[in-house]
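Listed below are the residues making up each chain.
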Amino acid sequence: MKRLAVIAGGWHFPIAFFEQIATQKIPKGWEVDMFVVSHRDPAYAAEEKKNILFGYDRRGLYDRLLYRKIATVEEIEALGWKYILEPNTVGDWGNTNQWLEKNDYKKYDKFLITHDDNFILTDQMFRDILPQEDWLILTNSTGNAQRRLRQWLHLPKKLSLRGSFEFFTQEMLDLMGGKFEATCSH
């Protein structure tokens, strides 16, 4: 059995994101474990979002669906997520490093590392991506549609990762030494 770890950085807590990941169709021979590494209680997000106005363009409509409700810890856990509260020490990759410090990543074949404010357009994402074996990283950082993610680490071109929605293989984490470099250099 192959395993995927979904590691979401918890900050905005829209219920739709947690539902969309929890209801993904899983390919045969795969198991999925879902973790949200939070740097604050969802109640803070509820207060921030209560008076937000969304437009009526496509993005605004997606945001209306995404933020129809701010999830509570109990609702997140009821969807099968493991909620982990950690201090806010450093940004996007810091959430993942906090997870990596307390979990054996070698138990997993692939990882989805994501923010909690992505709107997922399909329930077939895991079926489309997980069976593919010809990549080390798939990212949305270039602006490509999520179902056509194609950034090849081994190609001779710059790779820019935001930390907002990337799939990694265990092999890639091995090459990185099992953590993300999170120090700043000026």
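Residues numbered from 1 in each chain as written. Predicted model: local features only at pLDDT ≥ 70, side-chain atom pairs only at ≥ 80, totals over all residues. Heavy atoms only, no water.

Asks: Explanation requested: the environment of Gly-91 in the structure shown.
Replies: In this fold, Gly-91 is placed in the loop between β3 (81-85) and α5 (92-102). The class for Gly-91 is partly exposed, based on a relative accessible area of 43%. (Helix = DSSP H or I, 4+ residues; strand = E, 2+ residues; numbered from the N terminus. Buried < 20%, exposed > 50% of the residue type's maximum accessible area, 1.4 Å probe, protein only.)

Asks: Just to check I follow, could you spell out the pattern of salt bridges for this structure?
Replies: With the rule as written, the count across this model stands at 11 salt bridges. With its nearest N and O atoms 2.4 Å apart, the salt bridge here joins Arg-3 to Asp-33. With a gap of 30 residues between them, Arg-3 in strand β1 (residues 2-10) and Asp-33 in strand β2 (residues 30-38) connect regions that are remote in the sequence. Taking relative accessible area as the criterion, Asp-33 reaches 22% and is therefore assigned partly exposed. (Salt bridge = Lys/Arg side-chain N within 4 Å of Asp/Glu carboxyl O.)

Asks: It is not clear to me how the side chain of Asp-116 should be interpreted in this structure. Could you clarify?
Replies: On the secondary structure map, Asp-116 appears in the loop between β4 (110-115) and α6 (125-129). Buried within the structure, Asp-116 lacks any salt-bridge partner; its nearest side chain of opposite charge belongs to Arg-40, at an N-O separation of 7.5 Å. Separated by 3.0 Å, the side chain of Asp-116 and the backbone nitrogen of His-12 make a polar contact. Other than its neighbours up to four places away in sequence, Asp-116 contacts Gly-9, Gly-10, Trp-11, His-12, Phe-13, Pro-14, Phe-17 and Phe-18. (Lys, Arg positive; Asp, Glu negative; His and termini not counted. Polar contact = N/O pair within 3.5 Å; in protein donor to acceptor, adjacent residues only side chain to side chain. Contact = heavy atoms within 4.5 Å.)

Asks: How should I be thinking about α5 in this particular structure?
Replies: Given 3.6 residues to a turn, an α-helix orients residues that are three or four positions apart in the same direction. Here α5 lies mainly inside the structure; eight of its 11 residues are buried. Those residues of α5 not exposed but buried are Trp-93, Gly-94, Asn-95, Thr-96, Asn-97, Gln-98, Trp-99 and Leu-100. Residues of α5 that are buried make contact with β1, β2, β3, β4, β6 (165-169) and α7 (170-175).

Asks: When you look at the pairing of β4 in this model, what are you seeing that I'm missing?
Replies: If a strand is regular, its side chains alternate between the two faces of the sheet. Most of β4 sits out of view: six of its six residues are buried. Going residue by residue along β4, you find Lys-110, Leu-112 and Thr-114 tucked away on one face and Phe-111, Ile-113 and His-115 tucked away on the opposite face as well. Here β1 runs beside β4; their pairing, made up of six bridges, is parallel. Each bridged residue has a counterpart across the sheet, and for Ala-5 the counterpart in β4 is Phe-111. (Pairing = 2+ DSSP bridges.)

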